[in-house]
Amino acid sequence: MSDSTSNAMWGGRFAGGPDAIMEAINASIGYDRRLAPQDIEGSRAHAAMLAAQGILTDKDADAIREGLLTVLSEIEGGTFDFSPALEDIHMNVEARLRELIGDAAGRLHTARSRNDQVATDFRLWTRERCDEALAGIEALQEALLAQAEQGADWVMPGFTHLQTAQPVTWGHHMLAYVEMLGRDASRFRDARTRMNECPLGAAALAGTSFPIDREATASALGFDRPCANSLDAVSDRDFALDYLSAASICAMHLSRLAEELVIWSSAQFRFVALSDRFSTGSSIMPQKKNPDAAELIRAKIGRIFGAQSALLMVMKGLPLAYSKDMQEDKEQVFDAADTLSLSLAAMTGMVADMAANADALRAAAGHGFSTATDLADWLVREAGLPFREAHHATGSLVALAERTGRDLPDLTLAEMRQVNGAITEGVYDVLGVDNSVASRTSYGGTAPANVRDQIDRWRTRSR
Ligand code: ARG
């Protein structure tokens, strides 16, 4: 400490301390304290390696490693006094270590810099959040699979343009989200694999002249290998962007399901009833039961997209290697990860608890001429019509039914034969919604038999 007002860690060449505004804009301790466990894990691995390489004495390394555990327990116990004057988590931890163990603490920073330190901490943190996202996704998939299993053959309207299109099964609709989430999981796994290289030992930007063992620290911290280029190691934030892209796509999927739950739980649809545990009431309208969790998921997703844009903007155009801009990498990622995990948990709760109304689904499935395509297909198959001609004849029958306020199965055989003489009694078999879905056995189709096969496939898949 050269001067009582200059910074204890780097104040050697400074005559005075920073302006209060300088300190305010420079400090990251308000948020990067979340990296404390990773910072201490990284420092402990670094100290052990320095001792193994003969760069530190065992005595100093032991004191450092023990002292760091004390610091961690103080932070976890809420008794640690974080200081903005010490800027960030790295210097706060080191300063406290010095108070605890004395001068040996000053040897910890040998052969490293805050640049490789923060890159390592943040990777470790983001890697954990990938694992957390994977667990959250799996839990939601399980809830969706349980819904699919229960309603594998429940008929509901399938929509395009949110207009009734063709009957589908409830199980098939649930499995569509299981597929999306499966791709999300694979994106998080890819991101995790790609980020699993260790920046520690890249030091400030150029590496170090000390005989360090980067393989040892990489493996102690669970990384597959050290990053191969020191300049890249300290300036790369791709891992956070990979996380945010995977999170954004997953969040987009959650918002689509959330939107469906909002629509489905309305009095007009009544496709699902959300549980009391996952809805709220209105302070003025006693009859209301609102799908707030679904609405909030739909909205919160914007924070995750925003985080991705923000970090891309921070990184855009930065010259190698580290620039202080990169301190602005963390807050948004923290918020995105918290938002994603809360959204996944809330969605899992809603899906696990919701009760689909099989009768309402079935009634809606039969409305809106949903089996018109089945009728056209029947004309192709049984009467040998070209599909375009069958489409036209069916269109005329839909118009007739619409004019007279009926659905397709309500038309008489005589009325149908007036439109096309080839139609026989057998056509009524395909106008029912159960026959319609049961017939769609093409791979990936909505038939209950397919749904059951797909549930089995998901349940027995190797992850
Ligand atoms: N708090 C800093 C950050 O998060 C740590 C790295 C500081 N490096 C430096 N050269 N000033 O980016």
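Just so it is clear, the structure is predicted and the values come from calculations on it, not from any experiment.

Enquirer: Describe the overall build of the chain, and please don't skip the residues or the numbers.
Expert: Helix and strand counts for the chain come out as 19 helices and six strands. For the chain, whose C-alpha radius of gyration is 31 Å, the value lies well above the compact-globule estimate of 23 Å for 463 residues. Projecting the C-alpha coordinates of the chain onto the three principal axes gives extents of approximately 100 × 50 × 40 Å. By residue count, 48% of the 463 residues in the chain fall in the buried class. When contacts within the chain are restricted to residue pairs at least 6 apart in sequence, those whose partners lie at least 24 apart make up 74%. For the chain, the computed accessible surface area is about 21500 Å², with 52% contributed by carbon and sulfur atoms. The chain carries 45 positive and 64 negative side-chain charges, and their two centres are separated by 2 Å.

Enquirer: Give me the lowdown on the pattern of salt bridges, citing residues and values where you can.
Expert: Going through the model one piece at a time under the given rule, you end up with 28 salt bridges. In this structure, the salt-bridge partner of glutamate 259 is arginine 298, at a minimum N-O distance of 2.5 Å. Linking glutamate 259 in helix α10 (residues 238-264) with arginine 298 in helix α11 (residues 292-315), this pair joins segments that are 39 residues apart in sequence. We classify glutamate 259 as partly exposed; its relative accessible area is 32%.

Enquirer: Hey, could you go over helix α19 (residues 448-460) for me, with residue numbers and the actual values?
Expert: The end-to-end C-alpha distance of α19 is 18 Å, a good match for the 18 Å that 13 residues give at a rise of 1.5 Å each. For α19, every residue scored as buried is listed here: Pro448, Asn450, Val451, Gln454, Ile455 and Trp458. Viewed along the axis of α19, the buried residues span an arc of 150°, placing them on a single side of the element. More than 90 degrees from the buried face of α19, the exposed residues found are Asp453 and Thr460. Each element contacted by the buried residues of α19 is listed here: α6 (114-150), β2 (163-169), α7 (170-195) and α18 (433-439).

Enquirer: Can you explain the nonpolar core? Please cite residues and give values.
Expert: Phe188, Leu340 and Met347 are the most contacted members of the largest nonpolar core, which totals 96 residues. Per-element accounting of this core gives the leading share, 16 residues, to α10. The residues touching phenylalanine 188, leaving out its near neighbours within four places in the chain, are Cys130, Ala133, Leu134, Ile137, Tyr243, Ala246, Ala247, Cys250 and Leu340. Grouped together as the second largest cluster of nonpolar side chains are 20 residues, Leu375, Ala376, Met416 and Val427 included.

Enquirer: Break down the environment of aspartate 58 for me, with residues and values.
Expert: Position of aspartate 58 among the secondary structure elements: in helix α4 (residues 58-76). On the basis of relative accessibility, which here comes to 53%, the residue aspartate 58 falls in the exposed class. In sequence terms aspartate 58 and glutamate 260 are 202 residues apart; their C-alpha atoms lie 61 Å from each other.

Enquirer: Tell me about the packing of aromatic side chains, and please be specific about residues and values.
Expert: Tallied over the full model, the rule gives ten aromatic pairs. When the ring of phenylalanine 80 is compared with that of phenylalanine 82, the centres are 4.7 Å apart and the planes differ by 50°; the resulting orientation is tilted. Taking relative accessible area as the criterion, phenylalanine 82 reaches 19% and is therefore assigned buried. Between phenylalanine 269 and phenylalanine 271 the ring centres are 5.0 Å apart and the planes differ by 75°, which places this aromatic pair in the edge-to-face class. Through a chain of ring-to-ring contacts, the aromatic side chains of Phe159, Trp170, Trp264, Phe269 and Phe271 assemble into a single cluster. The residue whose ring lies beneath arginine 34 is phenylalanine 334, and the NZ or CZ to ring-centre distance is 5.0 Å.

Enquirer: Would you mind going over unusual backbone geometry in detail, with residue names and values included?
Expert: The step from leucine 320 to alanine 321 runs through a cis peptide bond, and the omega angle for that step is 0°. For alanine 321, the location among the structural elements is in the loop between α11 and α12 (330-353). In the Ramachandran plot, glutamate 87 falls in the positive-phi region, its phi being about 65° despite a non-glycine side chain. With respect to the element layout, glutamate 87 can be found in the loop between α4 and α5 (89-101). Phi is positive for alanine 203, which is not a glycine, with a value near 55°. As for its placement among the helices and strands, alanine 203 is situated in the loop between β3 (197-198) and α8 (214-220). The exposure class assigned to alanine 203 is buried, which follows from its relative accessible area of 7%.

Criteria and thresholds
- Residues numbered from 1 in each chain as written.
- Predicted model: local features only at pLDDT ≥ 70, side-chain atom pairs only at ≥ 80, totals over all residues.
- Heavy atoms only, no water.
- Helix = DSSP H or I, 4+ residues; strand = E, 2+ residues; numbered from the N terminus.
- Rg over C-alpha atoms; globule rule 2.2 N^0.38 Å.
- Buried < 20%, exposed > 50% of the residue type's maximum accessible area, 1.4 Å probe, protein only.
- Contact = heavy atoms within 4.5 Å.
- Areas by Shrake-Rupley, 256 points an atom, 1.4 Å probe, with all protein chains shown as cover.
- Lys, Arg positive; Asp, Glu negative; His and termini not counted.
- Charge placed at Lys NZ, Arg CZ, Asp CG, Glu CD.
- Salt bridge = Lys/Arg side-chain N within 4 Å of Asp/Glu carboxyl O.
- Expected span 1.5 Å × (residues − 1).
- Arc of directions from axis to C-beta.
- Core = buried A, V, L, I, M, F, W, Y, C linked by side-chain atoms within 4.5 Å.
- Phe/Tyr/Trp six-rings, centres within 6.5 Å; stacked < 30°, edge-to-face > 60°.
- Lys NZ or Arg CZ within 6 Å of the ring centre and 35° of its normal.

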